Amino acid sequence: MAKVLVTGGLGFIGSHTVVELVNAGYDPIIIDDLSNSNIAILNQIAKIIGFKPAFYQFDLCDATALNQFILKEDNINGIIHFAASKAVGESVDNPLKYYRNNLYSLVNILEAYKGKDVSLVFSSSCTVYGQPDELPVTENAPVKPAQSPYGNTKQISEEILKDAVAAGSAKKVISLRYFNPVGAHPSALIGELPIGTPQNLVPFITQSAIGKRGKITVFGDDYNTKDGSCVRDYIHVVDLAKAHIAALNLLGNGFTGYDVFNLGTGQGSTVLEIVNAFEKVTGIKLNYEIGPRRAGDVEQVWGDVSKSTKKLNWKTELNIETMMLSAWEWEKYLAANPL
Ligand code: WQD
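What counts and what doesn't
- Residues numbered from 1 in each chain as written.
- Predicted model: local features only at pLDDT ≥ 70, side-chain atom pairs only at ≥ 80, totals over all residues.
- Heavy atoms only, no water.
- Buried < 20%, exposed > 50% of the residue type's maximum accessible area, 1.4 Å probe, protein only.
- Helix = DSSP H or I, 4+ residues; strand = E, 2+ residues; numbered from the N terminus.
- Contact = heavy atoms within 4.5 Å.
- Pairing = 2+ DSSP bridges.
- Axes fitted to C-alpha atoms, helices over the stretch in contact; angles between N-to-C directions.
- Lys, Arg positive; Asp, Glu negative; His and termini not counted.
- Salt bridge = Lys/Arg side-chain N within 4 Å of Asp/Glu carboxyl O.
- Right-handed = clockwise from strand over helix to strand, strands pointing away.
- Near = heavy atom within 4 Å.
- Polar contact = N/O pair within 3.5 Å; in protein donor to acceptor, adjacent residues only side chain to side chain.
- Areas by Shrake-Rupley, 256 points an atom, 1.4 Å probe, with all protein chains shown as cover.

**Student:** An account of helix α7 (residues 201-210) is requested, with residue identities and associated values reported.
**Tutor:** Of all ten residues in α7, seven are buried; the element is thus mostly enclosed. Turning to α7, its buried residues are V202, P203, F204, I205, T206, Q207 and S208. In this structure, the buried residues of α7 make contact with β7 (180-182), β8 (216-219), α9 (271-282) and α11 (320-336). Just downstream of α7, G211 is the residue with a positive phi angle, here 95°.

Structure (structure tokens):
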């Protein structure tokens, strides 16, 4: 059974991808330094897949630790690299943490597996597009100057991967540019687990609805959109996880070189549409107000996903209502079963 290393495998997208890897017949091995995740998720994953996957706790910036891992797990067929710091606001306050953590970890992985016939799937972000000139945004759109050190680390990482492939030190690499991952596994046993006050919209909504947070602020309703609030392409985390399996399958079937794919639904939704969808599916009236715009927000972005559909043979199946309901079921599970 093909062994797949999942770095950051106890995180939000990583944990859902571990589940889908098992469903697809792969053998996942998790590395996570627990700097932004909870060890309890390992047991939660086990409740879903029926066994506890192999787990190693260390920092991928530590090349010695990575080399010791490789001595133990020497026949890795594929790597899905999620491990990275990802809070836009924090990256502005602490850029060096982001450049060190996000870039050192990637370079260490590339050096450790240099020249080996290993597939690499990289977790990138639509942040690289900034405010696109044309919508929906395709993979050929120009990469815009990053709006944050976090976004810059994703842009630099993609350049590092392209150069590594061009030099022959990496053989087959796919970067996946996520739009806005939301929702939770249908079992409600895993989901998004923000540490501290959620910066992202949907976890703030669910925590406000359950009473953990106060009023939701909609950051601006004076944008040039249908209802004045920003537009994003929200994608269910399970659909997103399945796209990683599709990318691994492509890499394992004769693919060589480097390519990039958008992972979204191809549809945009406004913030107020998300609020209304949550209220509709849960029957809960949300406590929100319109506030000032948030610095760094782009007005609207959603993806053209035709390349992913065609080349990855993948498309999203879950709609906004399912995203909201699954996020809410997970929040209720957490309230009853603190991790
Ligand atoms: C979505 C919309 C906010 C909170 C970021 C990263 C991206 C990815 C996902 C890592 C925006 C509005 C939000 C709130 C609000 N992360 N909002 N009130 O900023 O699109 O993307 O997270 O890969 O890289 O950039 O996501 O959920 O923070 O915001 O009105 O309390 O919701 O203004 O329009 P974002 P988000």
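So much for the structure itself; the text now carries on.
**Student:** A description of the sheet that holds strand β6 (residues 172-178) should follow, citing residues and the corresponding values.
**Tutor:** Here seven strands make up an open sheet; going across it, the order is β3-β2-β1-β4-β5-β6-β11 and the pairing parallel. Here the strands that pair on one side only, and so sit at the sheet edges, are β3 (54-56) and β11 (257-263). Shown here is a sheet whose adjacent strand axes are inclined to one another by a mean of 20°, direction ignored. Here strand β5 (residues 119-125) runs beside β6; their pairing, made up of seven bridges, is parallel. Bridging from a neighbouring strand, L120 pairs with V173 of β6. Helix α8 (residues 237-251) contacts β1 (3-7), β4 (78-81), β5, β6 and β11 of the sheet and is inclined by roughly 160° relative to β6.

**Student:** Got a sec to walk through the side chain of E331? Specific residues and values, please.
**Tutor:** Within the fold, E331 resides in helix α11. Of the side chains bearing the opposite charge, K212 lies closest to the buried E331, which forms no salt bridge; the N-O distance is 4.6 Å. When sequence neighbours within four positions are dropped, the list of residues in contact with E331 reads P203, T206, Q207, I210 and K212.

**Student:** Break down the pairing of strand β2 (residues 27-31) for me, with residues and values.
**Tutor:** The two faces of the sheet receive side chains in turn, since in a regular strand these alternate between them. Taking burial as the measure, the five residues of β2 include four buried ones, the bulk of the element. What joins β1 to β2 is helix α1 (residues 12-23), and the crossover it makes is right-handed. As judged from the three bridges shared by β2 and β3, these two strands associate in the parallel manner. Bridge pairing links I31 to Y56 in β3. Handedness of the crossover joining β2 and β3 through helix α2 (residues 40-49) is recorded here as right-handed.

**Student:** Can you lay out the site of the ligand for me, pointing to particular residues and giving the numbers?
**Tutor:** Taken together, 17 residues are adjacent to the ligand, and T127, Y150, T217, R232 and D297 come closest. In the model, an oxygen atom of the ligand is placed 2.9 Å from a nitrogen or oxygen of the N200 side chain. With respect to the ligand, the backbone of F219 contributes an N or O atom lying 2.9 Å from an oxygen atom. Relative to its unbound accessible area of 680 Å², the ligand is 89% covered by the protein chains. Broken down by element, the shell around the ligand gets its largest block of residues, three residues, from β8.

**Student:** Provide a residue-level description of unusual backbone geometry, including the pertinent values.
**Tutor:** With an omega of -5°, the peptide bond between L135 and P136 qualifies as cis. Notably, A188 is not glycine yet its phi reads approximately 60°, a positive angle. Here A188 shows up in the loop between β7 and α7. Unusually for a residue other than glycine, N313 sits at a positive phi of about 55°. Its relative accessible area of 70% is what places N313 among the exposed residues.

Honestly, it's all geometry; don't read function into it.
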